[in-house]
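Here are the chains, one letter per residue:
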Amino acid sequence: MTKRLAHSLLVMACLATPAFAQQDEKALKKDLTAVIALQGKSCGEVVSVAVLKQNDYAATCKDGNKYHVYENDKGRVVVDKQ
Amino acid sequence: MRRAPYSAVVVILLSTGCMHDRKPETQPPPSTKTPSTTTPSTSKAKPSAPTTAKTVPPATTKPQAAAPSKASPANPTLDLESLEARLKQTKAIGLMTKLSLKNQVDDLLDEFRRHHAGKPTPTVAELRRSYDLLMMKVLSLLQDHDQTLASDIVSSRERIWGLLADPKKFAAITA
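Small disclaimer: the values here were computed from a predicted structure and weren't measured.

Asks: Outline the overall build of chain B, listing residues and values.
Replies: Helix and strand content of chain B: nine helices and zero strands. Moving toward the C terminus, one meets the helices and strands of chain B in the order α-α-α-α-α-α-α-α-α. Intrachain contacts of chain B at a sequence separation of at least 6 include 64% that bridge at least 24 residues.

Asks: Explain the overall build of chain A to me, and be specific about the residues and the numbers.
Replies: Of regular secondary structure, chain A possesses one helix and four strands. With 82 residues in all, chain A has 22% of them scored as buried. Taking all contacts inside chain A whose residues are at least 6 apart in sequence as the whole, residues at least 24 apart take part in 19%.

Asks: Give a description of unusual backbone geometry that names residues and reports values.
Replies: Cis geometry is found at the peptide bond from Thr121(B) to Pro122(B), where omega equals 0°. Here Pro122(B) shows up in the loop between helix H6 (95-116) and helix H7 (124-142).

Asks: I'd like a description of the sheet that holds strand S4 (residues 77-81) of chain A, backed by residues and values.
Replies: Read from one edge to the other, the open sheet built from four strands follows the order S1-S2-S3-S4 (chain A), with strand pairing classed as antiparallel. One side of each edge strand has no neighbouring strand; the edge strands of this open sheet are strand S1 (46-53) and S4 of chain A. Across the sheet, the mean angle from the axis of one strand to that of its neighbour is 20°, orientation sign disregarded. Across five bridges, strand S3 (residues 66-71) of chain A lies against S4(A) in antiparallel orientation. When the sheet's bridge partners are listed, Val69(A) is paired in S4(A) with Val79(A). Contacting S3 and S4 of chain A, H6(B) crosses the sheet at an angle of about 105° to S4(A).

Asks: Could you give me a rundown of H6(B), with the residues and numbers involved?
Replies: Between the first and last C-alpha of H6(B) there are 31 Å, a value that for 22 residues agrees with the 32 Å anticipated at 1.5 Å per step. Within H6(B) the residues assigned to the buried category are Met96(B), Thr97(B), Lys98(B), Ser100(B), Leu101(B), Phe112(B) and His115(B).

Asks: Explain the environment of Leu141(B) residue by residue, including any values.
Replies: Here Leu141(B) shows up in helix H7. Separated by 47 residues in sequence, Leu141(B) and Gly94(B) have C-alpha atoms that sit 9.6 Å apart. Sequence-distant contacts of Leu141(B), that is, excluding residues within four places in its chain, are made with Ala34(A), Ala92(B), Ile93(B) and Thr97(B).

Asks: I'd love a proper account of the pairing of S1(A), names of residues and values included.
Replies: Residue and element names in this part refer to chain A. Sheet analysis places S1 next to strand S2 (residues 56-61), joined by six bridges and oriented antiparallel. Residue pairing for S2: Val-51 is matched across the bridge by Tyr-57. Counting the residues in the hairpin turn of S1 and S2 gives two residues, including Asn-55, whose phi is positive at 55°.

Asks: Now, about the nonpolar core: what can you tell me, with residues and values included?
Replies: One finds Leu32(A), Val35(A), Ile36(A), Ala59(A) and Val69(A) to be the most contacted residues of the largest nonpolar core, which totals 23 residues. When residues of this core are traced back to their parent elements, those giving at least two are helix H1 (2-38), S2, S3 and S4 of chain A together with H6, H7 and helix H8 (147-165) of chain B. Sorting elements by how many residues they give to this core places H1(A) first, with six residues. The residues touching Ile36(A), leaving out its near neighbours within four places in the chain, are Lys41(A), Cys43(A), Ala59(A), Tyr67(A), Val69(A) and Val79(A).

Asks: An account of H7(B) is needed here, citing residue identities and associated values.
Replies: Residues and elements named next belong to chain B. Between its first and last C-alpha, H7 extends 27 Å over 19 residues, near the 27 Å set by a 1.5 Å rise per residue. Every buried residue of H7 is listed here: Leu-127, Val-138, Leu-141 and Leu-142. With its buried residues spanning 100° around the axis, H7 presents them on a single face. Residues of H7 that are exposed and angled more than 90 degrees away from the buried face: Ala-125, Glu-126, Arg-129, Asp-132, Leu-133 and Met-136.

Asks: If you had to explain the packing of H6(B) against H7(B) to someone new, which residues and values would you point to?
Replies: All names here are of chain B. The geometry of H6 relative to H7 is characterised by a closest axis approach of 11 Å and an angle of 165° between their N-to-C directions. Relative to H7, the element H6 lies roughly antiparallel. Crossing of H6 against H7: the hand is left-handed. The residues of H7 that touch H6, namely those facing Thr-97, Leu-101, Gln-104, Val-105, Leu-108, Glu-111, Phe-112 and His-115, are Leu-127, Ser-130, Tyr-131, Leu-134, Val-138 and Leu-141. Split by residue class, the contact of H6 with H7 holds nine nonpolar, four polar and one charged.

Asks: So what about the packing of H7(B) against H8(B)? Which residues, and what values?
Replies: Residue and element names in this part refer to chain B. In contact at an axis separation of 11 Å, H7 and H8 are set at 160° when each is read in the N-to-C sense. Between H7 and H8, the interaxial angle falls into the category roughly antiparallel. Remark: the crossing between H7 and H8 carries right-handed chirality. For the pair formed by H7 and H8, the contact residues are Val-124, Tyr-131, Met-135, Val-138, Leu-139 and Leu-142 on the first element and Leu-149, Ala-150, Ile-153, Val-154, Arg-157, Trp-161, Leu-164 and Ala-165 on the second. Tallied by class, the residues present in the contact of H7 with H8 amount to 13 nonpolar, no polar and one charged.

About the thresholds
Residues numbered from 1 in each chain as written. Chains lettered and ligands numbered in written order. Predicted model: local features only at pLDDT ≥ 70, side-chain atom pairs only at ≥ 80, totals over all residues. Helix = DSSP H or I, 4+ residues; strand = E, 2+ residues; numbered from the N terminus. Contact = placed C-beta atoms within 7 Å. Buried ≥ 20, exposed ≤ 12 C-beta atoms within 10 Å, placed from the backbone. Pairing = 2+ DSSP bridges. Axes fitted to C-alpha atoms, helices over the stretch in contact; angles between N-to-C directions. Expected span 1.5 Å × (residues − 1). Core = buried A, V, L, I, M, F, W, Y, C linked by C-beta atoms within 7 Å. Arc of directions from axis to C-beta. Parallel < 35°, antiparallel > 145°, perpendicular 65-115°, else oblique. Left-handed = near helix turned anticlockwise from the far one by under 90°. Nonpolar A, V, L, I, M, F, W, Y, C, P; charged D, E, K, R; others polar.

This is the structure:
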């Protein structure tokens, strides 16, 4: 019985994890799209993101531009074109 | 050996839980300080939004739309503290965007500081342009996902400008 329960939980967790990950990634892309737009840089929409470390991302835009978006040691969000 | 699946379940559930790390940051209802503003009639009506949301924490069914719409009073002018609190808590804006907006607000405040210190630039007209532009950025980020906050900000726009443009009031709020 417990073995079955564990199995079900495992399956559920495996199914749920990618869904949460997808949601988070979508939110992150939207967040970075807004950040890049706020800085007046050309992007359109962020289509892929690589998390380099906390508050430090490499974003690729729909228009082909790539940006390094990060928070510097002074607490400022910097968008550097790559 | 039989323990292995359990360990796997625990690890996966923990990792699933960790993925929510970013979200609760914006989720909890506003815990604004009681707005000690000069306008008594409007300031009393304001905190009803945060407090109603706070007193009903298990409102999991209707997270945001219901509470704020009830809360918006007839004349919803915001004081800066509650505006800041609500901007911090809104889920409509992501973390990095909030940081970026904060940078821009700080830059604008520096410009006001320069202006009030008697520097020739920026002029009031330039400050107003920057202020309006920043407001538009904030509103464009909010309008689709937190309409209540967006409309409250619109209502408070002139009042906030009044605070920033008046040297004495500005000194008081930035002290």
